[in-house]
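Descriptive analysis of the structure
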Amino acid sequence: MWEYSDKVQEHFFNPKNAGVLDGANAVGQVGALSCGDALKLMLHIDPVTEIVLEAKFQTYGCGSSIASSSALTELVIGKTLEQARALTNRDIADFLGGLPPEKMHCAVMGHEALQAAIADFRGEVWRSEHEEAALVCKCHGVDARVIERAIRDNALSTVEQVGAFTMAGTGCTTCYEQIEDILLRVATEAAAASAAAAAAHATEVARPETVAAAPAAAPVAPRPGSLNLFSAAVRAASSAPAPAKAIVRPATESSPLSPASPLPPPSAGMTNLKKIRLIEETIEDLRVYLRKDGGDCELIDVDGSNVLVSLTGACVGCQMASVTVSGIQERLMAKLGVPIRVIPVGRNAH
Amino acid sequence: MKAIYLDNNATTRTDPAVVDAMLPFFTEHFGNASSAHSFGAEVGTAVKAARQQLQQLLGATHDHEIIYTSGGTESDNAAILSALEALPDRNEIVTSKVEHPAILSLCEHLEKTGRAKVHFIGVDGSGQLDIDAYRAALSDKVAVVSLMWANNETGTIFPVEGLAELAKEHGALFHTDAVQAVGKTPISLKDSAIDMLSLSGHKLHGPKGIGALYVKKGARFKPLIRGGHQERARRGGTENVPAIIGLGKAAELALQHMAEEQGRVKELRDRLEKAVLQRVPNCIVNGDRHDRLPNTTNIAFEYVESEAILLHLNRGGVAASSGSACTSGSMEPSHVLKAMAIPEAALHGAVRFSFSRDNASEDVDRVIEALPGIVEKLREMSPFWADAEKKTNDSKPVFA
């Protein structure tokens, strides 16, 4: 059983404001039976002052869900809508003296229900973010925007943390890679924004009359606990500081196989034997993931910078085969630090 | 207020007689069973006696068919990995979707790493194996079939003796994870086609950290842990003597209490189940009504979540479980209930009550007194209950 704070237990065993609120003029309902938790938040808001006069809830869920719902109602009563809108899932958790990391999604659900209720009061059609963006976690119906917001609001950096806050990726785990992509995107954007702000500030202080030069993209730190197939290693390798203009170059120019493109420094002193062994090991690591999807990849030969592989199983004829090949290519380049071209060939090509 | 323990499928209280049997082997009889001198010899004799106690419980032909391990998980791992190694021309495994994680995790790992192809056989609504799918999966490529004797969450019993016969027709080894069955239901391996069987001490009032793998004489076996010549070189490592003695005593007691398990304990379980179904609407009992462990009932309460029920029960001094102890830290609904296609409204509301010979009639009274109010309170709080109540007002409890 989970370790709950005294306050969580108090709000679970003696929830405040549980039940139906007759005359509610703002109702927000989120969650579903299939997810194992759902919350219906009912508010009575003064139409003139826009102050929340009453709040009640109905919750289907675990101890944390019920306690979070109770806490939410206590938090919003007496607040203006704008104040209520500013509440985050972290505020709910803090009010309760914290929640186990695995149960943070209960506070996220409370935050969503509040946004839904406010939209209902405003006469807006609140569309669950689950319905608007691409579905990432099919097990729990969590989409990209929900994940993205959880990452931003809570400074999450690992797939496991995302799972604790949103439940995404805690089922069949096939969406791990997509979650990693979102983590990377948010981290990159945050780093860029931070760097831009710092540069703008520095320029303003030093030379307020001139326009600041484009800042260099901040490196993205490798994330612990990464289970990503290709991205982790590739990103780790590509996280070295790059010239600022690199991020605005045409895509063709930034191709790792292009002679003009910046590459990681070649591994010094690598013999052919070492190189081939490294290629073999890298491909062997990747095969585990390909097999999981019913495919496979076998190393056929190494000819200079050309690595010949044979794709089999589900990889044959797969629309994503080219993505797989370029993924292998990126991974090999990251490992070897030299340009590599991966060429799919028949099994008996050599 | 006396605390009531109804989570015996997770672990059982070590019987005081078991503890008494173990204690001298920490102090007085501390010798290494492998030593040639008198200190070791007397311990070696006691270990042999304990092995025979376990042999009796399992109805095994020879005491040396018992290999001591650290518990059920090691036994399960040893059985499957041994079979793959012993039959190198075969690389397929047949198992079910409702096995314990000790089997499922290993099989998934073997599949992921390309070491084996695994057939995960499904179950029906009562948790019984899809026999047609099982037959279809069997072939001369199968190295081992591993099917549990009794399910830890629902208590559903698989007809393992018959399933083993089918496996034998294809030359596959047959292993059963009998961790939940041993001590609760009669077992006789002497004339069965079962090659290997896993058991765990703490599930039958023995100590934790000790288990055994039965390997039928003549069945091919490769050790998981290699080292010294302990366990006839089938499991290296100095014997955990006090635990082995404790397991032997627990086996002896289990044999003595078998009738009680099938009689008084089963009656307690049935009385609780019947009362709950009568007093709480919209309940589903998960599991096979006819072929089920005598001590286990798994009841799903629609439109409430099991953890909320358990927290209330715990505050009232009653310990139960939402599933297997190994997975109760997870937020995912039980893989067993998902495989059984339990209705969505009930999937998250399953509570397992598992009895033992330590339980008394008063324990059942306490649960019956507390549970209806808890479920009612939580349902009143549920946004789905009012609508569901209207629709199902006339519904009767059902048995999955």
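Now for a description of the structure that goes with this document. Treat the numbers as computed from the prediction; the structure is a model and nothing was measured. Throughout, a residue's number is its position along its own chain's written sequence, starting from 1. Just so you know, chain letters begin at A and ligand numbers begin at 1, following the order they were written in. Totals for whole chains, interfaces and linings use all residues, but because this is a predicted model, local features are given only for residues with pLDDT of at least 70 and pairs of side-chain atoms are given and counted only at 80 or more. Computation of side-chain values covers all heavy atoms of the structure but excludes hydrogens and water.

For chain A, the helix and strand inventory stands at 12 helices and 8 strands. Sequence-distant contacts, at least 24 apart, represent 58% of the contacts inside chain A between residues at least 6 apart. Note on areas: Shrake-Rupley with a 1.4 Å probe; residue coverage comes only from the protein chains shown. Surface accessibility of chain A: about 16800 Å² in total, with carbon and sulfur atoms responsible for 55%. The helix and strand labels rest on DSSP assignments: H or I over at least four residues marks a helix, E over at least two residues marks a strand, and numbering proceeds from the N terminus. Two residues form a contact once any of their heavy atoms are found within 4.5 Å.

Even without being a glycine, A155 of chain A presents a positive backbone phi close to 50°. By secondary structure assignment, the location of A155 of chain A is in the loop between α7 (144-154) and α8 (159-166). Buried, partly exposed and exposed residues are distinguished by accessible area as a fraction of the type maximum, computed with a 1.4 Å probe on protein chains only: under 20%, between the cut-offs, and over 50%, respectively. Of the residues examined, A155 of chain A reaches a relative accessible area of 66% and is grouped as exposed. Look at A233 of chain B: it is not a glycine, yet its phi comes out positive at around 65°. Of note, A233 of chain B is situated in helix α7 (residues 230-233).

All right, on to the environment of G227 of chain B then. Residue and element names in this part refer to chain B. Tracing the sequence through the fold places G227 in the loop between β8 (211-215) and α7. On the accessibility criterion, G227 (58% relative accessible area) is exposed. In the structure, G227 is positioned 11 residues away from T238 in sequence and 9.4 Å away in space, judged by C-alpha atoms.

Further remarks concern the interface of chain B and chain A. Listed as interface residues are 25 residues of chain B and, on the opposing side, 34 residues of chain A. Simply put, the buried area is the total loss of 1.4 Å probe accessible area from both parts when two parts are fitted together. Contact between chain B and chain A buries roughly 2600 Å² in total, counting both sides, with carbon and sulfur atoms accounting for 67%. Basic side-chain nitrogens of Lys or Arg form a salt bridge, by our definition, when they fall within 4 Å of a carboxyl oxygen of Asp or Glu. Connecting chain B to chain A are 1 salt bridge. A salt bridge links E307 of chain B to K103 of chain A; its shortest N-O distance comes to 3.6 Å. The definition of a polar contact used here is a pair of N or O atoms within 3.5 Å, where within protein one atom must be able to donate a hydrogen and the other to accept one, and adjacent residues in sequence count solely through side-chain atom pairs. Remark: the boundary between chain B and chain A carries 5 residue pairs in polar contact (both at pLDDT 80 or more). Mapped onto the side of chain B that touches chain A, the elements with two or more residues apiece are α9 (306-315), α11 (344-347) and α12 (361-381) of chain B. Here the element with the most residues in the side of chain B that touches chain A is α9 of chain B; it accounts for 6 residues. For the side of chain B that touches chain A, the class distribution of residues is 11 nonpolar, 6 polar and 8 charged. Throughout, the ten residues Ala, Val, Leu, Ile, Met, Phe, Trp, Tyr, Cys and Pro are labelled nonpolar, Asp, Glu, Lys and Arg are labelled charged, and all others, Gly among them, are labelled polar.

Turning our eyes to something else, we now look at the packing of aromatic side chains. All names here are of chain B. Only rings of Phe, Tyr and Trp enter the pairing, Trp through its six-membered ring, and a pair is recorded when the two centres are within 6.5 Å. The plane angle decides the type: under 30 degrees is stacked, over 60 is edge-to-face, the rest tilted. On inspection of all chains with the given rule, the structure shows 4 aromatic pairs over all chains. Between the aromatic rings of F30 and F39, the centroid separation amounts to 5.6 Å while the plane-to-plane angle is 40°, which identifies the pairing as tilted. For F30, a relative accessible area of 52% puts it in the exposed group. Exposure remark for F39: the relative accessible area of 44% places this residue in the partly exposed category.

Here the focus is the sheet that holds strand β8 (residues 341-344) of chain A. The strands that make up a sheet pair up through hydrogen bonds in the backbone, lying either parallel or antiparallel. Residues and elements named next belong to chain A. Strand order in the open sheet made by the 3 strands is β6-β7-β8, with mixed pairing throughout. Two strands lie at the open edges of the sheet, namely β6 (295-303) and β8, each paired on one side alone. Recorded for the sheet is a direction-independent mean angle of 30° between the axes of neighbouring strands. Pairing between β6 and strand β7 (residues 306-313): 8 bridges, direction antiparallel. Among the inter-strand pairings, L299 is bridged to a residue of β7, identified as V309. Axis geometry follows a simple rule: fit a line to the C-alpha atoms, using only the stretch in contact for helices, then measure angles between N-to-C directions, giving values from 0 to 180 degrees. In this fold helix α11 (residues 272-292) packs onto β6 and β7, with an angle of close to 165° to the strand it touches most, β6. In this description, strands pair whenever DSSP reports at least two bridges between them.

Another aspect to go through is the pairing of strand β4 (residues 117-121) of chain B. Residues and elements named next belong to chain B. Bridge count for strand β3 (residues 92-96) against β4 is 5 bridges, and the pairing is parallel. Counted as the bridge partner of T95 is F120 from β4. When the strands point away from the viewer, a crossover counts as right-handed if the route from the first strand across the helix to the second turns clockwise. The parallel pair β3 and β4 is bridged by helix α4 (residues 101-112), and the resulting crossover is right-handed.

Moving on: the packing of α7 of chain A against α8 of chain A. Residue and element names in this part refer to chain A. The contact between α7 and α8 brings their axes to 10 Å, and the two run at 105°. As judged from the angle between their axes, α7 and α8 are roughly perpendicular. Together, V146, I147, A150, I151 and N154 of α7 and V162, F165 and T166 of α8 make up the contact between the two elements. The residue inventory of the contact of α7 with α8, partitioned by class, reads 6 nonpolar, 2 polar and no charged. Orientation is classified from the angle alone, with under 35 degrees giving roughly parallel, over 145 giving roughly antiparallel, 65 to 115 giving roughly perpendicular, and any other angle giving oblique.

Take helix α5 (residues 104-122) of chain A next. Residues and elements named next belong to chain A. Here the expected length of a helix is defined as 1.5 Å per residue gap, with one fewer gap than residues. Between its first and last C-alpha atoms α5 spans 28 Å; for 19 residues at 1.5 Å apiece the expected length is 27 Å, and the two agree. Summarising burial for α5: 17 of the 19 residues are buried, a large majority. Taken from the residues just after α5, G123 is the one with a positive phi, measuring 75°.

Moving on to the environment of G201 of chain B. Residue and element names in this part refer to chain B. Of note, G201 is situated in the loop between β7 (196-200) and β8. Each C-alpha atom of the pair G201 and G248 lies 8.9 Å from the other, and the pair is 47 residues apart in sequence. Leave out the neighbours within four places in its chain, and G201 touches G206, P207, I210, G211 and L247.

All names here are of chain A. Strand order in the open sheet formed by 3 strands is β1-β2-β3, and the pairing between neighbours is antiparallel. The sheet terminates laterally at β1 (26-32) and β3 (52-60), the two strands that pair on one side only. Neighbour-to-neighbour, the strand axes of this sheet turn through a mean angle of 10°, independent of strand direction. Both strand β2 (residues 37-45) and β3 contribute to a ladder of 8 bridges, which runs antiparallel. Across the sheet, residue L39 finds its bridge partner in β3, namely T59. Helix-sheet contacts for α5 involve β1 and β2, and the interaxial angle to β1 is about 145°.

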